[in-house]
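# Analysis of the macromolecular model
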Amino acid sequence: MRKDKITVFSRSKLGLDLARLIDDPMLAKELSPSNVDVSYRVPRGSLCVLCKGARMLCGKARCPIVVRLTYYIRSLSRVRGLSLDGSSPPSVFVGRIGYPHVYVGPLTPPVHGDTSIMDMPELWFGKPLDEIVEYRFSLVRGRFRTRVDQPMGSNRLLDEVRDLALSSLSVDVEMTFRRRPRRVFILDDEVQPFGASAPVRSLRIGTLKLDYRLEKAYSDYDLKASEAVLDLYKSGVPVSKIQRAFSVGAFGELKRRRLVPTRWSITAVDSIVSKALIERVKDNPVINEYRVYESNYLDNRFEILMLPESWSYESIEAWYPGTVWNPRGEDVAMYGDYEGYYGRTTYADMGGCYYAARLAVAEKLVAEGRQASVLILREAHPGYIMPVGVWQVRENVRNALRKPPLKFDRLEDALRHIFSKLALPMEAWLRKSTILRNALHQRKLPAYY
Amino acid sequence: MVLRLRMAEAKTWKNMLNSLSALVDEVCITADEEGLKVKAMDPSHVSMVDFEWSRSAFDEYEVDKPTTIGLNIKEVLKLLRRISGESMELSFDESTGRLEMKLIGRYTRRFTVSTLQLTGEEIPPLRVEFDVSAKVTSSCLERTVVDAATVSDILKFKATEDVFVMEASGELGEVTVELDRTSEALLDLQVRQPSEASYSLTFLEDIVKSASDLAGTVSVEFSTDKPLKLNFDVLQGKLIYYIAPYVE
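Residues numbered from 1 in each chain as written. Chains lettered and ligands numbered in written order. Predicted model: local features only at pLDDT ≥ 70, side-chain atom pairs only at ≥ 80, totals over all residues.

### Some points on the domain arrangement of chain A
- Along its sequence, chain A is carved into domain 1 (212-260) and domain 2 (281-448).
- Here the C-alpha centroids of domain 1 of chain A and domain 2 of chain A sit 30 Å apart. (Domains from an automatic or database assignment.)

### A closer look at the interface of chain B and chain A
- Contact with chain B, which involves 19 residues of that partner, is made by 13 residues of chain A.
- When its residues are assigned to classes, the side of chain B that touches chain A shows 13 nonpolar, three polar and three charged. (Contact = placed C-beta atoms within 7 Å. Nonpolar A, V, L, I, M, F, W, Y, C, P; charged D, E, K, R; others polar.)

### Considering the packing of helix 10 (residues 262-281) of chain A against helix 11 (residues 352-368) of chain A
Residue and element names in this part refer to chain A.
- Where helix 10 meets helix 11, the axes come as close as 8 Å, and the angle between the chain directions of the two elements is 35°. Pair helix 10 / helix 11 crosses with left-handed handedness. Within the contact between the two elements, helix 10 uses Ile266, Thr267, Asp270, Ser271, Val273, Ser274, Leu277, Ile278, Arg280 and Val281 and helix 11 uses Gly352, Tyr355, Ala356, Arg358, Leu359, Ala362, Glu363, Leu365 and Val366.
- Its residues assigned to classes, the contact of helix 10 with helix 11 comprises eleven nonpolar, four polar and four charged. (Axes fitted to C-alpha atoms, helices over the stretch in contact; angles between N-to-C directions. Helix = DSSP H or I, 4+ residues; strand = E, 2+ residues; numbered from the N terminus. Left-handed = near helix turned anticlockwise from the far one by under 90°.)

### Thoughts on the confidence of the model for chain B
- Chain-level pLDDT for chain B is 92 on average; 100% of the residues reach the 70-or-more range.
- Here the prediction assigns the complex a pTM of 0.85, and the interface score ipTM is 0.90. (pLDDT = per-residue confidence, 0-100.)

### With respect to the nonpolar core
- Residues A:Val229, A:Ala245, A:Ala250, A:Val269, A:Ile304, A:Ala357 and A:Val397 are the most contacted members of the largest nonpolar core, which totals 110 residues.
- Considering each element in turn, this core owes the most residues, ten residues, to helix 11 of chain A.
- Once you skip the residues sitting within four places of it in the chain, A:Ala250 turns out to touch A:Arg162, A:Ala165, A:Leu166, A:Leu214, A:Ala217, A:Tyr218 and A:Ala245.
- Judged by nonpolar contacts, the second largest core, of 71 residues, contains B:Ile29, B:Phe92, B:Ala197 and B:Ala211. (Core = buried A, V, L, I, M, F, W, Y, C linked by C-beta atoms within 7 Å. Buried ≥ 20, exposed ≤ 12 C-beta atoms within 10 Å, placed from the backbone.)

### Points about helix 6 (residues 156-165) of chain A
- For helix 6 of chain A, the complete set of buried residues consists of A:Leu158, A:Val161, A:Arg162, A:Leu164 and A:Ala165. Mapping the buried residues of helix 6 of chain A onto a view down its axis gives an arc of 160°, with all of them on the same face. (Arc of directions from axis to C-beta.)

### Some thoughts on the sheet that holds strand 14 (residues 186-191) of chain B
Residues and elements named next belong to chain B.
- Taken together, the nine strands give an open sheet; going across it, the order is 6-2-3-4-18-17-16-10-14, and neighbouring strands pair in antiparallel fashion. Strands at the two margins of the open sheet, each flanked by one partner only, are strand 6 (67-72) and strand 14. Shown here is a sheet whose adjacent strand axes are inclined to one another by a mean of 15°, direction ignored.
- With six bridges joining them, strand 10 (residues 132-137) and strand 16 (residues 217-222) adopt antiparallel strand pairing. Bridge pairing in strand 16 places lysine 135 opposite serine 219.
- Where helix 4 (residues 201-211) meets the sheet, its contacts fall on strand 4 (47-54), strand 17 (228-232) and strand 18 (237-243), and the angle it forms with strand 18 comes to roughly 165°. (Pairing = 2+ DSSP bridges.)

### What to know about the pairing of strand 9 (residues 108-114) of chain B
- Relative to strand 9 of chain B, strand 8 (residues 98-104) of chain B runs antiparallel, the two sharing seven bridges. For B:Leu99, the partnering residue across the bridge sits in strand 9 of chain B and is B:Val113.

### Overview of the domain arrangement of chain B
All names here are of chain B.
- If you check the domain split of chain B, you get domain 1 (3-114) and domain 2 (132-243).
- Taking only C-alpha atoms into account, the centre of domain 1 sits 28 Å from that of domain 2.
- Contributing elements (two or more residues each) for the side of domain 1 that touches domain 2: helix 1 (10-21) and strand 4.
- The element that contributes the greatest number of residues to the side of domain 1 that touches domain 2 is strand 4, accounting for eight residues.
- For the side of domain 1 that touches domain 2, the class distribution of residues is seven nonpolar, eight polar and two charged.

### Notes on unusual backbone geometry
All names here are of chain A.
- Here the residue pair proline 89 and proline 90 is connected by a cis peptide bond, since its omega of 10° sits within 30 degrees of zero.
- With respect to the helices and strands, proline 90 occurs in the loop between strand 3 (83-88) and strand 4 (92-94).
- For the bond running from tyrosine 99 to proline 100, omega is 10°, close enough to zero to count as cis.
- Among the structural elements, proline 100 can be located in the loop between strand 4 and strand 5 (101-108).
- Unusually for a residue other than glycine, aspartate 299 sits at a positive phi of about 60°.
- Topologically, aspartate 299 is positioned in the loop between strand 10 (290-297) and strand 11 (300-307).

### Observations concerning the pairing of strand 8 of chain B
Residue and element names in this part refer to chain B.
- The alternating pattern of strand 8 places Leu99, Met101 and Leu103 on a buried face and Arg98, Glu100, Lys102 and Ile104 on a face that is not buried.
- Sheet topology places strand 7 (residues 87-93) next to strand 8; seven bridges connect them, and they run antiparallel. When the sheet's bridge partners are listed, leucine 90 is paired in strand 8 with methionine 101.
- Between the antiparallel neighbours strand 7 and strand 8 lie four residues, among them glycine 97 with a positive phi of about 70°.
- What sits between the antiparallel neighbours strand 8 and strand 9 is a turn of three residues.

### Observations regarding helix 10 of chain A
- When the terminal C-alpha atoms of helix 10 of chain A are compared, their 28 Å separation across 20 residues agrees well with the 28 Å that a helix rising 1.5 Å per residue should span.
- With respect to burial, helix 10 of chain A is a largely interior element, 14 of its 20 residues being buried. (Expected span 1.5 Å × (residues − 1).)

### Some points on the environment of A:Glu289
All names here are of chain A.
- By secondary structure assignment, the location of glutamate 289 is in the loop between helix 10 and strand 10.
- Classification of glutamate 289 by C-beta neighbours within 10 Å gives partly exposed; the count is 15.
- A C-alpha to C-alpha distance of 46 Å links glutamate 289 and arginine 256, two positions 33 residues apart in sequence.
- Apart from the residues lying within four places of it in its own chain, the contact partners of glutamate 289 are Pro308, Lys407, Phe408 and Asp409.

### Here we look at the packing of helix 9 (residues 239-247) of chain A against helix 10 of chain A
Residues and elements named next belong to chain A.
- Interaxial distance between helix 9 and helix 10 falls to 9 Å at its minimum, and their mutual angle equals 130°. Put simply, helix 9 runs oblique to helix 10. Crossing handedness for the pair helix 9 and helix 10: right-handed. Here Val239, Ile242, Gln243, Phe246 and Ser247 of helix 9 come into contact with helix 10, specifically with Thr262, Ser265, Ile266, Ala268 and Val269.
- Broken down by class, the residue content of the contact of helix 9 with helix 10 amounts to six nonpolar, four polar and no charged. (Parallel < 35°, antiparallel > 145°, perpendicular 65-115°, else oblique.)

Shown next, in the form of structure tokens:
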């Protein structure tokens, strides 16, 4: 996640109309919101107002705002009036603003049927960006405010949402809203795609079939949340399902159960599971060679290096390197975090991606029964016009590790290959990477026996 | 089989485990008629500890045959967090594999922990000659290492005829500590030939923080681009660390 992009938003809500936003008259007409309510908010220093989707000032391959608006309007034009009737994948969202008083609610598209793919990132890999943005925008979010530690049975809406999150299949949902669903468009190119939302007046949920594994953990009032997560992972429940149930506070000792903002719960599950897997990795024999795994999806290039050493892990990401668009010239935005054999005690600065990739890596090493030191290098290129979520990293790394690796006897050869695939030169990565620097410069004691 | 040790200060045992925890979470302690011994290398093979605590350090020392005890020091140290001025009796039951730590103060506390089956590999001795040997106060070394770690992850040691220098530089700035023969912190300096070598501050920091409480002075020995030896002057035994060099 790019941290320098979290700018202060100007409080004024500008009623820009689309013609002011988008220069292309045909496009503006097509997107013109006849019956859809759109308003905008402009962060300070935003280039989007100057650019109007025509000048490509952000340097991306396509205008992310035009893409988002297209799917937003397409989806909302199907929602009439103050009610929505559709099948939830199932999906719920728990906000983080105002914690411990947060917005919670179900996400539902205005269509019926099996919509499960809309909230199942495990199935998204390989799909074009537009399809994923469309999934995101089709989901209309009903919301209400509640305390995170609201006890079970004390808020009917919340109880319904919790049940929904545990469902194994898509669920019919009828929502009525206090006002029409809408969305404030933030004119910044770094905002994650998200559909419209509205305060819920009432909620009706169709017949549920709870996932029996989730239900078992849910009804165990003495099982700790982290143990529940691990049990479910071991029994093969996809991470996205565990995370959804985790976010509605379905796990843990009864009195300690609480809602967990969606964003935090994703990382919590990635972190809990990978930490347990890493302990198993440490008992495995070390690999015998240098390995390189690769994947490229949504213009995110991953080069993964495994070194024949005891477990350690590092992940580094570079944003839009080597393009003239990089706002600070040579100073490419790079973030990285490292942990040694005994792990880390502080939260990784780069955020959720660190833990998502760590999970993918640990899964691979456990499956193969080997141990290694792992370095993940990621370059996000201009075709990645907006962040789509941490799942992209998890699935991209999983994809890389599914393929047979390139094997090298010498570190130099592995590095030569890697840096022939990346836009940034080795020196730039070296400045950031503890694992690379150690591999090249740190001697080992057995050399002096 | 009998293994029973008694020490007047339970803190001694805690400090000893602390000095090992800088490198490893699990450790294999050997007890024989001379005392307790540990030789361990961290998982990345960059640093090593060579530790001996002679039997004279204990008020009572009873070992009838050489025994090895595998311990998860991290867990044991958690139990030892709340000790204060108590004396301690250690005993190991080989048949159950349990180690008992009996803390005797105003009342008696008995901690029993299970030990681990560790397959400790024999670590051969290092074959390194040291061209420089500098004896410094451990508080000086500790302060230097902590200061240096704020600007860099590498600390460079340099020595010429009369000066011993430790320096680190990074994006933030530089830290230089220069000790000549007149400085109080430098107790002795022997230089066979001018040398310089760099070492990882990650390891240095962990080591120096946990060991400098045990000894007032430490001998810093190194040669150009060869391993570093930190020999802490502990009273009854030895505490030596080695760190492999960082070669630019």
